[in-house]
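Observations on the three-dimensional arrangement
Listed here are the chains, written in short residue letters.
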Amino acid sequence: MSDDLDQMLKEALARVEAPADLQAKIMARVNRPRWRQQLRPWAALAASLALGFGVWSGYQERQAKRNGEQLVYALQLASEKMSAVDGRLKRSSGTIRIEEMTR
Amino acid sequence: MRDQADDILARAQDGDKAAFGSLVGTYQAMVFSAALHFFRNRATAEEIAQDVFFDLFRNVKSIESEAHLAAWLRRNTINRCIDRSRKKSSQLELAASDWDAPGRTDFEPDIFAYERVREQVACLPDEQRAVVILRFQEDLTPSEIAGTLRLPVNTVKSRLHRALGSLRQKMECKKGQPV
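Residues numbered from 1 in each chain as written. Chains lettered and ligands numbered in written order. Predicted model: local features only at pLDDT ≥ 70, side-chain atom pairs only at ≥ 80, totals over all residues. Heavy atoms only, no water.

Remarks on empty space enclosed by the protein
Residue and element names in this part refer to chain B. Stated precisely, the cut-off is as follows: Throughout, the protein atoms alone are placed on a 1 Å grid, and a set of points is a cavity if a 1.4 Å probe fits but cannot get out or a pocket if it is open with protein on both sides within 12 Å along at least five of seven lines; lining residues have an atom within 4 Å of a point. Grid points are joined across faces, edges and corners, and a volume is the space filled by probe spheres set on the points. In this description a helix means any DSSP run of H or I spanning at least four residues, a strand means any run of E spanning at least two, and both kinds are numbered starting from the N terminus. Ten residue types, Ala, Val, Leu, Ile, Met, Phe, Trp, Tyr, Cys and Pro, are classed as nonpolar, four, Asp, Glu, Lys and Arg, as charged, and the remainder, Gly among them, as polar.
Taken as a whole and assessed by the stated rule, the structure comprises 2 cavities of 30 Å³ or more. In this structure, the largest cavity spans a volume of roughly 50 Å³. Of all the secondary-structure elements, those providing two or more residues to the lining of the largest cavity are helix 2 (17-39) and helix 4 (66-87). In the lining of the largest cavity, the residues fall into 6 nonpolar, 2 polar and 2 charged.

Written out as structure tokens, the structure is:
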């Protein structure tokens, strides 16, 4: 039995071939930039996406801030213009009353 | 042959990635098989193999010779398997298609018998499983296993003895079951 079991164990536990793409996966990880080497592929992808999202969010925020500033400036300009128009209207309505009074 | 292997190792240590790739090609079956026999799960075995070789890449300069490299890989693989097994309970996958043994022509009865043997090996305690894999997959003697795992040789013999006794008993029980 001992010899039979030994032989069976040798055959059952014989080396099997590694997956065809295992070597390529290992070399891909070895060739990655240093900060990504420690991560498994799915984690590296998640980290890259998170980094990309962070950069994009920052860009969006800056863009929104710029848009907000531009809106405020546009409103200020509009307000000034309206003040100027209002002033002219008031001055012109005063002139009309004086003319009416002198007729 | 030995000089060529040492030359490839030396070039890998100098940063030659193609040489390192050659080392991966030479030893990946050994590493993958050990992890596969330990967990009976291909995805886990692949992850372990990737981690082992990545660790080798970072530590290749500490390897002294080709013989040292083989021992280093075996030890690293087994230690990672045991660590991982302790972190979570491994689920056994009974996918027969994972077990096509290249070159076999006399199939049916042997496949079931080998499958039973593998199942029983996978049910052994981690430390016993490790020595069984090194003994029967790698054909190492108890002294060589002791050197690889940095254990006393009597500890290795004791674990092997208990493992084989347990396997023998289980195989006998299976044989004796009514049809």
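From this point, things continue past the structure.
Some thoughts on the confidence of the model for chain B
Residues and elements named next belong to chain B. Applied cut-off: Here pLDDT means the predictor's own confidence in every residue, given as a number from 0 to 100. Whether two residues touch is decided by their heavy atoms; if any such pair falls within 4.5 Å, the residues are in contact.
Scored by pLDDT, chain B comes out at a mean of 86, with 83% of its residues at no less than 70. Long-range and interchain partners of residues 93-108, a stretch whose pLDDT sits below 50, account for 14 contacts in this model, where long-range means more than four residues apart. Model confidence for the complex is summarised by a pTM of 0.70, with the ipTM given as 0.83.

Thoughts on helix 7 (residues 142-149) of chain B
Residue and element names in this part refer to chain B. Heads up, the rule is: To sort residues, take the accessible area from a 1.4 Å probe on protein chains only and compare it with the maximum for the residue type: under 20% means buried, over 50% means exposed, and anything in between is partly exposed. Directions pointing from the helix axis toward each C-beta atom define the arc.
Along helix 7, the residues that are buried comprise Ile145, Ala146, Thr148 and Leu149. Seen end-on, helix 7 carries its buried residues on one side only, within an arc spanning 165°. In the stretch just after helix 7, Arg150 is the one whose phi turns positive, near 55°.

What to know about the side chain of Thr148 of chain B
Within the fold, Thr148 of chain B resides in helix 7. Not counting residues within four places of it along the chain, the set of residues in contact with Thr148 of chain B comprises Ala71, Arg74, Arg75 and Leu140 of chain B.

Describing the interface of chain A and chain B
Under the convention used in this document: Summed over both partners, the accessible area (1.4 Å probe) lost when two parts come together is defined as the buried area. Note on definitions: salt bridges are taken to be side-chain nitrogens of Lys or Arg within 4 Å of carboxyl oxygens of Asp or Glu. Two N or O atoms form a polar contact when they lie within 3.5 Å of each other; inside protein one atom must be a possible hydrogen donor and the other a possible acceptor, and for residues adjacent in sequence the pair counts only when both atoms belong to side chains.
The partner chain B presents 44 residues to the 27 residues of chain A that form the contact. Across the chain A to chain B interface the summed buried area is about 3,500 Å²; carbon plus sulfur atoms make up 64%. At the boundary of chain A and chain B, one finds 3 salt bridges. Along the contact surface separating chain A from chain B lie 9 residue pairs in polar contact (both at pLDDT 80 or more). Among the elements of the structure, helix 1 (2-12) and helix 2 (22-30) of chain A are those that each provide at least two residues to the side of chain A that touches chain B. Here the element with the most residues in the side of chain A that touches chain B is helix 1 of chain A; it accounts for 8 residues. Its residues assigned to classes, the side of chain A that touches chain B shows 14 nonpolar, 5 polar and 8 charged.

A few points about the packing of aromatic side chains
Each aromatic ring pair is specified by the distance between its two centres and by the angle formed by the two planes. Filter applied, for reference: When two rings of Phe, Tyr or Trp (its six-membered ring) have centres within 6.5 Å they constitute a pair, described as stacked for plane angles under 30 degrees, edge-to-face for angles over 60, and tilted for the intermediate range. Charge over a ring is defined by NZ of Lys or CZ of Arg lying within 6 Å of the ring centre and within 35 degrees of the ring normal.
One pass over the structure, following the stated rule, counts 3 aromatic pairs over all chains. Each ring, one from Phe20 of chain B and one from Phe57 of chain B, has its centre 5.3 Å from the other, and the planes form 70°; the classification is edge-to-face. Here Phe57 of chain B lies in helix 3 (residues 42-59) and Phe20 of chain B lies in helix 2, a separation of 37 residues in the sequence. Residue Phe20 of chain B is classed as buried on the basis of its relative accessible area of 2%. In this structure an aromatic cluster arises from ring pairing among Phe20, Phe54 and Phe57 of chain B. In this structure, Arg29 of chain A packs its charged tip against the face of Phe54 of chain B, placed 4.6 Å from the ring centre. Lying across the ring of Phe38 of chain B, Arg129 of chain B places its NZ or CZ 4.2 Å from the centre.

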